[in-house]
Amino acid sequence: MTIRLEQPKDWREVENLTREAFWNVYRPGCQEHFVLNQYRSNPAFIPELDFVMEEDGRIIGHVMFSKAKITLSDGTVFPSWTFGPISIHPDYKRKGYGIKLLQYALEKAREMGIGLLQMEGNIDFYKHAGFDLASKIRIHYHGEPTDAEVPYFLAQELIPGYWGNREGTYCPPAGYFVADAQPEAFAAYEAGFPPKEKHLKPGQLPQFCQNCGMPLTKDEDYGNNQAA
Ligand SMILES: CC(C)(COP(=O)(O)OP(=O)(O)OC[C@H]1O[C@@H](n2cnc3c(N)ncnc32)[C@H](O)[C@@H]1OP(=O)(O)O)[C@@H](O)C(=O)NCCC(=O)NCCS
């Protein structure tokens, strides 16, 4: 297994890997491959922390990082960072590759002077790389009450003392919402991939009808269970 920086020749393969990894995991289909596609030209993207993992002669993993901001309780903006999407190909999941890729990337981030990371994710995975609830170090999640313990909002001070005893609120960078902001561009991009069926599945984020707001619980309700 090797880890190296992503190169332009890898872009399509890595976006396809991202699509395979995220498909139907958090929603029917996924958007993360488009997020990655668009982020590479975003000034917040960090090319020195754009890693691929190779095994058996193919790319099986990828992670990217982004500059981010925290608004402190006195209104000033504090520089921070985030990461994701992180992807391991479905054939290689739960074999320890994801944690190895993340730990490698975190070490490189620390060496670059990145002192603090926060992101949304499952603590059962990220705790293995040193993450804990962001609320424990007084980083709040935008739109949530400041006294809320948001179970999916995680943080880690990579350089001891970088965050210190501050208090502030994090809002994910706009680049992560590009598929919702540009639905037509996303649809055109997605049409360039092999068809895959979208399904509603347990464990996904709640889905709602875009017309009436009704919660969607079955593939029939979703009404889009054909090749994307
Ligand atoms: C999440 C992901 C990157 C993890 O990589 P991985 O190689 O499968 O994970 P690892 O084998 O390194 O996991 C290490 C430990 O983390 C935990 N873990 C891993 N994935 C988990 C998950 N989805 N839910 C809960 N715990 C998880 C387990 O304790 C695991 O150890 P175990 O297999 O002995 O139980 C990968 O599964 C993936 O690409 N998933 C789809 C995309 C995604 O969800 N990305 C993250 C978005 S926040």
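Model, not experiment: these values are computed from the prediction.

Caption draft 1: Fine view of the overall build of the protein. When helices and strands are counted, the protein shows seven helices and eleven strands. For 228 residues, the compact-globule estimate of 2.2 N^0.38 gives 17 Å, and the protein sits close to it at 18 Å. When its C-alpha atoms are laid out on the principal axes, the protein stretches across 50 × 45 × 30 Å. Taking contacts inside the protein between residues at least 6 apart in sequence as the whole, the part at least 24 apart equals 66%.

Caption draft 2: Here's a closer look at the site of the ligand. Near the ligand there are 19 residues, and of these K93, G98, I99, G121 and D124 occur at the shortest range. When residues of the shell around the ligand are traced back to their parent elements, those giving at least two are α1 (11-22), β4 (77-88), α3 (97-111) and α4 (123-126). Grouping the amino acids of the shell around the ligand by side-chain chemistry returns eight nonpolar, seven polar and four charged.

Caption draft 3: Main features of the pairing of strand β5 (residues 116-120). Of all five residues in β5, four are buried, a share of seventy percent or more. Here five bridges tie β5 to strand β8 (residues 153-157), and the two strands are oriented antiparallel to one another. The residue of β8 that forms the bridge with Q118 is A155.

Caption draft 4: Seen up close, unusual backbone geometry. For the bond running from G84 to P85, omega is 0°, close enough to zero to count as cis. Relative to the helices and strands, P85 resides in strand β4. Look at N24: it is not a glycine, yet its phi comes out positive at around 65°. Mapped onto the elements, N24 comes out in the loop between α1 and α2 (32-39). N24 gets classed as partly exposed once you count the C-beta atoms within 10 Å, which come to 16. In the Ramachandran plot, R138 falls in the positive-phi region, its phi being about 60° despite a non-glycine side chain. Summarising the element assignment, R138 is placed in the loop between β6 (132-133) and β7 (139-141). For R138, a count of 15 C-beta atoms within 10 Å translates into the label partly exposed.

Caption draft 5: Examining α1 more closely. Counted at 1.5 Å a residue, the expected span for α1 with its twelve residues is 16 Å, and the 17 Å between its end C-alpha atoms agrees. Along α1, the residues that are buried comprise V14, E15, L17, T18, R19 and A21. Elements that come into contact with the buried residues of α1 comprise α2, β2 (51-55), β3 (58-72) and β4. Following α1 by one or two positions, N24 has its phi on the positive side, about 65°.

Caption draft 6: Structural context of the packing of α1 against α2. For the pair α1 and α2, the least separation of the axes is 8 Å and the interaxial angle reads 150°. One finds that α1 runs roughly antiparallel with respect to α2. Read as a crossing pair, α1 and α2 show a hand that is right-handed. Contact residues: E15, T18, R19 and F22 in α1; E32, H33, L36 and N37 in α2.

How each quantity is defined
Residues numbered from 1 in each chain as written. Predicted model: local features only at pLDDT ≥ 70, side-chain atom pairs only at ≥ 80, totals over all residues. Helix = DSSP H or I, 4+ residues; strand = E, 2+ residues; numbered from the N terminus. Rg over C-alpha atoms; globule rule 2.2 N^0.38 Å. Contact = placed C-beta atoms within 7 Å. Near = placed C-beta within 6 Å. Nonpolar A, V, L, I, M, F, W, Y, C, P; charged D, E, K, R; others polar. Buried ≥ 20, exposed ≤ 12 C-beta atoms within 10 Å, placed from the backbone. Pairing = 2+ DSSP bridges. Expected span 1.5 Å × (residues − 1). Axes fitted to C-alpha atoms, helices over the stretch in contact; angles between N-to-C directions. Parallel < 35°, antiparallel > 145°, perpendicular 65-115°, else oblique. Left-handed = near helix turned anticlockwise from the far one by under 90°.

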